[in-house]
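# Reading the structure
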Amino acid sequence: MTISLPENPTDDEAVAKERVAHPFRTLRELVDYVSGKSLPPIEVEEGGKAESLPFPFLAIIGQQEMKLALLLGLINPNVGGILLIGPRGTAKTTAVRSLLDLLPSVERSLCYYGCLPEDVESGGLDAVCPDCAAKFAEGIPLTAPDRVRLIELPLNARIEDVVGGIDERAAVTNERLRIRRGILAQADKNLLYIDEINLLSDDIVDAILDAAAAGTYTVRRGPVSATYRARFVLIGSMNPEEGRLRPQILDRFGLRIIVKGLDKPDERLEAYRRVQLYLSSPRSMIGQYSEEMIEAAKEIKSARTLLPKVIISDKIARPGISMAQKMGIDSLRAEITWFEAGRAYAAADGRTEVTFDDLRLVAPMCLRLRRSAFMSEYFMSQQNEEAEISKLLTNFAAPKKAGRRKK
Ligand SMILES: [Zn+2]
């Protein structure tokens, strides 16, 4: 529903100027504006640097399972993506963005086309661009260490933005057709965050999931084609009240987190205090956590280094597999995720062997919502609750003044 703001008949020049500064025409737009939903891009001052100061990950109250899942994803990308399911206002996006200060570093291509030394090793010098071929021949490195980035997929992204299209710049200057890298190629070795994944169009979701599963993807545009690496940790969030997620999509997410609001009043109060402090003086608030955040980032780095050495023995893997079968889970992805999450957890604890306890701890997030009955029940209970609330709301009004009539 859109409510129009009433026209002010006593418009003077100042009011007119005010209108220009706040480009909203309806109350709904105004509400979105003040709640930051459609915040215009921040204007960068001359010489100034636009910076975003994420809320410190360690300052998020409660939500242990969500925080654990995100950390496991940073330690071991093979957990296969993280889906955060829950209503608005449960810190899903805040938690994802707060990872920025914890992200480890990776070797990354220095080239616009993403050429890597592995390309030369597998396909020879023709497999990279001429610049990189020359560099490689001279022994100049094609990569440099770089921080893992958080790439956010805009809700209005088109399929060309996601997979890439014809590079017009190269077409004009080099008189040859090349494909411009899309968001998926940019997401290589990064985190790709998709808010409201259940609202994305099917073709885009399919392209993302196929690339995530294969780690590479090929784009064909007329006579040209290009293959890109796309090894990223996919993080999706959704509000189940706003639309269903196809079961095929759900199956592609390794870790599934049901994010609920905080239920203890003390926790809610403390969460409010921290948010309030963050909003009023972000720097000092972030400063309070900076030492611990640096420590946490170091821990993640060493867990990543240890991960390749972490093993899961048959005497633990076999009972795990039979348990997944007992739960009626058909998808092999369930136990792959489960074991990989267990390995990440062991690595986080500085150990090289997965124990039963590790698997027990991470099991719920890996195994829930694997049977389709679970999913339909979940949506069913949501619908029932909606119905109950709207029934109660029909009687939610000021009591009728019926007393006089009785007399
Ligand atoms: Zn290159």
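Throughout, a residue's number is its position along its own chain's written sequence, starting from 1. With the structure being a predicted model, the display of local features is reserved for residues of pLDDT at least 70 and the display and counting of side-chain atom pairs for 80 or more, all residues being used for whole-chain, interface and lining totals. With hydrogens and water stripped out, all remaining heavy atoms of the structure feed into the side-chain values.

## A word on the coordination of the zinc ion
For Na, K and Ca the donor cut-off is 3.2 Å, while for other metals it is 2.8 Å, and in both cases only N, O and S atoms qualify; water is not among them, so sites may look incomplete. Distances from the zinc ion to its protein donors, Cys 111 (SG), Cys 115 (SG), Cys 129 (SG) and Cys 132 (SG), fall within 2.2 to 2.3 Å. In the primary sequence, the donor residues of the zinc ion line up as C-x3-C-x13-C-x2-C. Remark: Cys 129 occurs in the loop between helix H5 (117-123) and helix H6 (130-138) and Cys 115 occurs in the loop between strand E2 (105-109) and H5; sequence separation between them is 14 residues. The pair Cys 115 / Cys 129 is uniform in exposure class, with both members buried. Secondary structure is summarised from DSSP: a helix means a run of H or I of at least four residues, a strand means a run of E of at least two, and numbering begins at the N terminus for each. Buried residues are those whose accessible area, probed at 1.4 Å on protein chains only, stays under 20% of the maximum for their type, while exposed residues exceed 50% and partly exposed ones sit between those limits.

## Some remarks on the side chain of Lys 92
Within the fold, Lys 92 resides in helix H4 (residues 92-97). The charge count treats Lys and Arg as positive and Asp and Glu as negative. His and the chain ends do not count. A pairing counts as a salt bridge when a side-chain nitrogen of Lys or Arg comes within 4 Å of a carboxyl oxygen of Asp or Glu. For Lys 92, which is buried and forms no salt bridge, the nearest opposite charge comes from Asp 195, at a distance of 6.1 Å. Ignoring anything within four residues of it in the chain, the contact list for Lys 92 reads Met 66, Leu 84, Gly 86, Pro 87, Tyr 193, Ser 237, Met 238 and Val 259. Residue contacts follow a heavy-atom distance rule, with two residues in contact if any of their heavy atoms lie within 4.5 Å.

## Points about unusual backbone geometry
One non-glycine residue, Gln 63, lies in the positive phi region at around 55°. Relative to the assigned elements, Gln 63 resides in the loop between helix H2 (27-34) and helix H3 (64-75). Even without being a glycine, Ala 91 presents a positive backbone phi close to 70°. In this structure Ala 91 comes out as partly exposed when scored by relative accessible area, which is 24%.

## Structural notes on helix H13 (residues 282-306)
The end-to-end C-alpha distance of H13, which contains 25 residues, comes to 34 Å, matching closely the 36 Å that a straight helix rising 1.5 Å per residue would cover. Maximal helix bending in H13 amounts to about 50°, located at Ser 290. Among the residues making up H13, those that are buried are Met 285, Ile 286, Tyr 289, Met 293, Ala 296, Ala 297, Ile 300, Ala 303 and Leu 306. Contact partners of the buried residues in H13: H3, helix H12 (265-280) and helix H15 (332-348). An expected span of 1.5 Å times one less than the residue number is assigned to each helix. Each residue is assigned a bend, namely the angle between axes fitted to the seven residues that terminate at it and the seven residues that start at it.

## Points about the packing of H3 against H13
To define axes, lines are fitted to C-alpha atoms, for helices over the stretch in contact only, and angles between the resulting N-to-C directions are given on a 0 to 180 degree scale. Between H3 and H13, the least distance of the axes is 9 Å, while the angle of their chain directions is 50°. Classified by the angle between their axes, H3 and H13 sit oblique to one another. Seen from H3, the contacting residues are Leu 71, Leu 74 and Ile 75; seen from H13, they are Ile 300, Ala 303 and Arg 304. Broken down by class, the residue content of the contact of H3 with H13 amounts to 5 nonpolar, no polar and 1 charged. Note on angle classes: values under 35 degrees are labelled roughly parallel, values over 145 roughly antiparallel, values of 65 to 115 roughly perpendicular, and the remainder oblique. Any residue outside Ala, Val, Leu, Ile, Met, Phe, Trp, Tyr, Cys, Pro, Asp, Glu, Lys and Arg is labelled polar, Gly included; the first ten of those are nonpolar and the last four are charged.

## Considerations on the pattern of salt bridges
For side chains of opposite charge, pairing can occur when their charged atoms come near one another. Under the defined criterion, the tally for this structure stands at 20 salt bridges. Where Arg 252 meets Asp 210, a salt bridge forms, and the shortest distance between an N and an O atom there is 3.5 Å. Taken together, the residues span a long stretch of sequence, with Arg 252 in the loop between helix H11 (247-251) and strand E9 (255-258) and Asp 210 in helix H10 (residues 202-214) at a distance of 42 residues. Judged by relative accessible area, Arg 252 falls into the partly exposed class, the value being 26%. Overall, the relative accessible area of 45% leaves Asp 210 in the partly exposed class. Between Arg 360 and Asp 357 there is a salt bridge, with its nearest N and O atoms 2.3 Å apart. Of this pair, Arg 360 and Asp 357 both sit in helix H16 (residues 356-367), 3 residues apart, roughly one helical turn. Judged by relative accessible area, Asp 357 falls into the partly exposed class, the value being 48%. Because the salt bridges share partners, they merge into one network encompassing Arg 88, Glu 196 and Glu 242.

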